[in-house]
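# Reading the structure
Residue-level listing of the chains:
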Amino acid sequence: MYVYRIMLFLVFGGYLLSPLLMSGWASPEASWYRPFLIWAGLIALTLWLEQKRKLDERR
Amino acid sequence: MTAMSLNLPGLLMLGIGYLSLLFLSATAVDRGWLPRRLVRHPAVYILALGVYASAWAVYGSLEFASRYGFGYLAYYLGVAGAFLLAPVLLVPIQRMTRTHQLASLADLFAFRFRSRWVGTLMTVVSLLAVLPLLALQIQTMGQAIHRLSGSASPALLALGFSLLIALFAMLFGARHTHQHARHDGLLAAIALESLVKLAAMLALGGVALFGVFNGPADLQSWLDGAGHVSQTRIAQLDPGQWRTLLLLFFAAAFLMPHMFHIAFAETLDRRTLLQSSWALPLFLLLMALPIPLILWASQRLGVDEVGAGAAYLAFGLSTSWWVDGLAFIAGLAAASGTMIIISLALSGMMLNHMVLVAHPPIAQPDLYRWLRWLRRGLIAAVILAGWLFYRLVGVHHDLSALGLASFVGVAQCLPGMLALLYWPGANRKGMVSGLSVGVVIWLAGLWVPLLTPYPGLVLLPPGLDVLAGEPDWYSVTLVALAANILTFILVSLATQTSTGERAAAEACSVDAVVRPMRLPLAAANGAEFKQQLAGVLGADVAGREVERALTALEMSPLDARPYALRRLRDRIQANLSGLMGPSVAQDIVDRCLPYQHDGPVASEDIHFVENRLEAYRSRLTGLARELDSLRRYHRRTLTRLPIGLCAFGEDGELLMWNDALAELSGIAGEAVLGAHRETLPAPWNTLLGQILAAPQERLYKQPVSLAHGERFLTLHRAGLQGEQGEDGGHVILVEDHSEMKWLEDELIHAARLASIGQLATGVAHEIGNPITGISSLAQNLRYDTEDPALRETADQIQGLTDRVSQIVGSLVGFAHGGRHVTGAGFTATRMQEVTEEALHLIRLARSGDDIHYINRCAADQVVMGDAQRLQQVMLNLLGNARDASEAGAQVIIEAVPQAAYLHLSITDEGRGIDPEVRDHLFEPFTTTKPAGEGTGLGLPLVYSIIAEHDGHIDIESPPAGHAGGTRIHLWLPLYREGDEGPHEPDSDR
């Protein structure tokens, strides 16, 4: 259940801060695949949290 | 540049071939040609959720990216955010929809806000909101056909494809009458569509990256060099617009009818839904990745964005027919999947909340068939409506305008949805007014302008002038949502909430304090349910629905427990809700299966609450979890209590039946929990009824016949009054006092013997002296007279005094029998000798000469005891045997060692003992002999002597295998080595 809170925090935090991220993506100096890398990182984090949640629920 | 590499017949063949593949795959799954493990694999569901990526994801995103750069990612990230929140957002919705069999957003809202009109309103809003999205799908199909083949009538061709898609949805989506059912074939086909569009998009991305550019490094150098100028021309979304877009697509993840349908109406399991929290974003990432590649490639190729339409840039990537074919198939797969699921979802909503509400299916002859065909008709109607909308809108609006109009409309349901989950205080009036205000602003600002040449009517309230000049979609979203939320909150706070709505709110709310109430039902069992439902549903459907619910609950049709019947009613309502929507289902169930409102006041359904808590346990945290642990501890204490315990609600419903009581009664708790007291198996119904009705709070040692014999139970009752003194039922403790009762009986018996002993001593003493006097006087009289008459009288007097002396002697003997201290003076005693000695004495008496005594005791059978007193025992028993026997009969004495005892038996062939007398034989003055012959003290004396020896005596009459006679069994402790040596019995006695 505590993992849920991390997810809530992550989503709302991400929502508020996402324009900052966006300006970073759009900067011409950045590699074109940077947004996708960040996104893939986020997916990996979710996957990890999902594993943690499973353990948490089993407890 | 317009590509003409694919001609019209080729295009039609491609499209029709692809749709045929869909039909084939769905048929293969429905016919069971594919292994079930594959069909039910979580990946199939997750790919089916990819239905979200509609034609917008293929064409609209390109258009958006050409305008706002990476802003196009909002479409994917919004929905990814919603799925990231699956455990707190989607799982609760899924739980609700599954419990109450709610197949759509309209069902959910109608259930929560307790009104059929709310369902109708939601259906209308959903239909209006989805029409632009449907039109977008059809428009992209038409435009793609037009661009690829140059066909002059793309609208008609798009209609043809739409009809094929409608046929598919009718065939595979309306297979089950119950909307909350798994359509394996349909899901597999949608999953296949997701795979196809993903593969096509990745291939297009590959063409762009490796065909147009020379790999990632070339792309980067182009972006840093020649492409830099075109990139700087792209506008950036301002943070407000970006966040608004994220919010819109976040809401779409669970409010769009097609997403709601796949995630909640098709029975996706909870684990799969949680897996999709990362798997769906991954799918969307792969779908989104090729978009900028295609855009940059066409920029490098110099494709005219304005002329070609930025949405269809993929057609300009190459002159090869297969690249165009890929772009066309990607769009067709995306559009057809979305159209199929939208039409299914909307047809269900329209059926439940428009058609059935206006025309309830009372006594429809073949209800299931009627519902199925109605649904198929509605599927076709929805797709045709989408096509008509496309014709009305024309191609004057870009895809972003169409898509956003749709998403903004759907987002108007977001406040209601969040309130449904997290605000039990929200009510219908608030929701309806908020939604209406929001929808009107949206219709005026975005929807109507699609159909008319006039610009949207965006009314900016004072203070929001900053929004002037912003895009319409942005201002309308903010204003409509703000007005919606404000109106919702204010009206909800200002108006009353009905009781029914409050109950539904609690059932829906995530942190609900669930307080289901108990009321008895009018129907007494499953069979009566069928009769009562038959009036509305028809006998056949009523029977099938009740059977379905009984099977799901694993209940017997004869189960009459009020608790079980309430669960059955809930299940039937949920199932009917899956069939006809919650409003109609509730109407039918309320009408046919009413509660008894004249019964006792409703109280909390503790058993149900406990079951739910058990199911929810893993979701409890903090204080709630600690409280739950405490509850479980107390529950365990009561369940494992070594004394029987049961609890009744104030309406007589059984709420608890612990392990000890289950063991004592032989009735498992699950079989009786929730039953009414009167329906419990005998003798518990009457016994527990007695204690509940008794004025005192205890009933001592009630005799009860149970499976394992007669028991004596003591019952204690305590009231469970609430804090305000209201009745809360009773708790009853059931103690098994049988052993104590038996011990008490023995004690009473022993005390009676002891008092008789005392009495006998006194009587013997008082009578002994006068009797001796009388005897002496009679003897004197006999010697003093010669008169034969007087001498005979004297003889008689002496005979009678002898008889009295004998009785007195027996009394003294009996009295002394109780005085021995157990074990004192006991020595090893050979029973054979004791028996022989007793037989010798018996034979001295003149009577009974013709009885044959057979002593089969062995010489080595030695017991621990007092030889003289044991001889007294044998004398008494053998004397009784002799007196009962006819001339020539046998009396057999046998002895067999049994564990630590010697088992002696004395068997005669006499007249036996009356069963009524047998139970009292060891009580003093009980005799089977004719009056004047027995004193009734012999056997009580024997009993007390045997008891002194730690032995045991029993009477068997007639003995097993004999027609008459009596067998006396004696058990005496065997002599053990190390005690005193064998004792010779006193031969003088």
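Values in this document were obtained by computation on a predicted structure and should not be read as measured data.

Rules behind the numbers
- Residues numbered from 1 in each chain as written.
- Chains lettered and ligands numbered in written order.
- Predicted model: local features only at pLDDT ≥ 70, side-chain atom pairs only at ≥ 80, totals over all residues.
- Helix = DSSP H or I, 4+ residues; strand = E, 2+ residues; numbered from the N terminus.
- Buried ≥ 20, exposed ≤ 12 C-beta atoms within 10 Å, placed from the backbone.
- UniProt positions renumbered as here; feature names shortened; annotations may be inferred.
- Core = buried A, V, L, I, M, F, W, Y, C linked by C-beta atoms within 7 Å.
- Contact = placed C-beta atoms within 7 Å.
- Pairing = 2+ DSSP bridges.
- Axes fitted to C-alpha atoms, helices over the stretch in contact; angles between N-to-C directions.
- Nonpolar A, V, L, I, M, F, W, Y, C, P; charged D, E, K, R; others polar.
- Parallel < 35°, antiparallel > 145°, perpendicular 65-115°, else oblique.
- Bend = angle between axes of the 7 residues up to and from the residue.

### Some thoughts on the overall build of chain A
- Of regular secondary structure, chain A possesses two helices and zero strands.
- Split into buried and exposed, the 59 residues of chain A put 17% on the buried side.

### Quick word on the overall build of chain B
- Each helix and strand counted, chain B has 39 helices and 15 strands in total.
- In chain B, which comprises 989 residues, the proportion classed as buried is 47%.

### Digging into the UniProt feature "transmembrane region" (unreviewed entry) in chain A
- Sequence positions flagged by UniProt for "transmembrane region" (unreviewed entry) are, in local numbering, residues 7-26 and 32-49 of chain A.
- In this annotation, residues 32-49 of chain A is assigned 89% helix and 0% strand; the end-to-end C-alpha distance for the span is 28 Å.

### Digging into the nonpolar core
Residues and elements named next belong to chain B.
- Counting 239 residues, the largest nonpolar core has Val79, Leu204, Ala252, Leu255, Ile294 and Val408 as its most contacted members.
- Among the elements that take part in this core, helix α18 (residues 321-358) stands out by supplying 23 residues, more than any other.
- Excluding its chain neighbours within four sequence positions, the residues that come into contact with Ala252 are Gly78, Val79, Met259, Phe407 and Val410.

### Considering the sheet that holds strand β6 (residues 709-719) of chain B
All names here are of chain B.
- Spatially, β4-β3-β7-β6-β5 is the arrangement adopted by the five strands of the open sheet, whose pairing is antiparallel. Edge positions in the sheet fall to β4 (654-657) and β5 (698-706), since each of these pairs with one other strand and no more. Between one strand axis and the next, the sheet turns by 25 degrees as a mean value, whatever way the strands run.
- Here β6 runs beside strand β7 (residues 730-736); their pairing, made up of seven bridges, is antiparallel. Residue pairing for β7: Leu713 is matched across the bridge by Asp736.
- Relative to β5, helix α33 (residues 684-693) is tilted by about 170 degrees, and along the sheet it contacts β3 (644-648), β5, β6 and β7.

### Quick notes on the interface of chain A and chain B
- Each side of the interface is counted separately: chain A has 27 residues, and chain B has 29 residues.
- Secondary structure elements with two or more residues in the side of chain A that touches chain B: α1 (2-26) and α2 (34-58) of chain A.
- When residues in the side of chain A that touches chain B are grouped by element, the largest group, 13 residues, is from α1(A).
- A breakdown of the residues in the side of chain A that touches chain B according to their chemical character gives 20 nonpolar, four polar and three charged.

### Describing the packing of helix α13 (residues 239-255) of chain B against helix α14 (residues 257-265) of chain B
Residues and elements named next belong to chain B.
- Contact geometry of α13 with α14 gives a least axis separation of 6 Å together with a crossing angle of 50 degrees. With respect to α14, the axis of α13 lies oblique. The residues of α14 that touch α13, namely those facing Ala252, Ala253, Phe254 and Leu255, are Met259, Phe260 and Ala263.
- Looking at the contact of α13 with α14 residue by residue, the classes come out as seven nonpolar, no polar and no charged.

### Quick notes on unusual backbone geometry
All names here are of chain B.
- Residue Pro683 is reached from Ala682 by a cis peptide bond, and omega for that bond is 0 degrees.
- Residue Ser957 is joined to Pro958 through a cis peptide bond whose omega torsion reads -5 degrees.
- Located in the positive-phi region is Arg114, a residue other than glycine, with phi close to 50 degrees.
- As for its position among the elements, Arg114 is in the loop between α7 (105-112) and α8 (116-149).

### Examining helix α22 (residues 428-451) of chain B
- The sharpest bend along α22(B) measures roughly 50 degrees and falls at Leu443(B).
- Counting buried residues along α22(B), 17 of its 24 residues qualify, which places the element largely inside the surrounding structure.

### Some thoughts on the sheet that holds strand β11 (residues 890-898) of chain B
Residue and element names in this part refer to chain B.
- Taken together, five strands build an open sheet; the order of strands is β9-β11-β12-β14-β13 and the sheet is mixed. One side of each edge strand has no neighbouring strand; the edge strands of this open sheet are β9 (852-855) and β13 (952-956). The mean inter-strand angle of the sheet, taken between neighbouring strand axes irrespective of direction, is 15 degrees.
- Taken strand by strand, helix α36 (residues 831-844) contacts β9, β11 and β12 (901-908), and its axis lies near 165 degrees from that of β9.

### Considerations on the environment of Gly309(B)
- Within the fold, Gly309(B) resides in the loop between α17 (305-308) and α18.
- On the basis of neighbour counts, which here come to 19 C-beta atoms within 10 Å, the residue Gly309(B) falls in the partly exposed class.

### As for the packing of α14(B) against α18(B)
Residues and elements named next belong to chain B.
- Orientation of α14 relative to α18, taken along the N-to-C sense of each, is 80 degrees, at an axis distance of 8 Å. When the axis of α14 is compared with that of α18, the two are roughly perpendicular. Counting all contacts with α14, which are made through Pro257, His258, Phe260, His261 and Ile262, the residues of α18 involved are Thr338, Ile341, Ile342, Leu344, Ala345 and Leu346.
- A class-by-class count of the residues in the contact of α14 with α18 yields eight nonpolar, three polar and no charged.

### Overview of the environment of His903(B)
Residue and element names in this part refer to chain B.
- Along the chain, His903 turns up in strand β12.
- Owing to 17 C-beta atoms within 10 Å, His903 belongs among the partly exposed residues under this scheme.
- As a C-alpha pair, His903 and His969 span 66 residues in sequence and 6.9 Å in three-dimensional space.
- Setting aside its immediate chain neighbours within four residues, His903 contacts Ala895, Val896, Gln898, His969 and Trp971.

### A word on the pairing of β4(B)
All names here are of chain B.
- Bridge count for β3 against β4 is three bridges, and the pairing is antiparallel. Within the sheet, the bridge partner assigned to Cys646 lies in β4 and is Trp657.
- Linking two consecutive strands that pair antiparallel, namely β3 and β4, is a turn of five residues; a positive phi of about 85 degrees is found at Gly652 within it.

### Considerations on α7(B)
Residues and elements named next belong to chain B.
- In terms of burial, α7 is largely enclosed, as eight of its eight residues are buried.
- If you check which residues of α7 are buried, you get Leu105, Ala106, Asp107, Leu108, Phe109, Ala110, Phe111 and Arg112.
- Phi turns positive, to about 50 degrees, at Arg114, one or two residues after α7.

### Quick look at the environment of Leu414(B)
Residue and element names in this part refer to chain B.
- Relative to the assigned elements, Leu414 resides in helix α21 (residues 414-422).
- A count of 20 C-beta atoms within 10 Å places Leu414 in the buried class.
- Linking Leu414 and Leu255, residues 159 residues apart in sequence, is a C-alpha distance of 7.4 Å.
- In this structure Leu414 touches Ala251 and Leu255, once residues within four positions along its chain are discounted.

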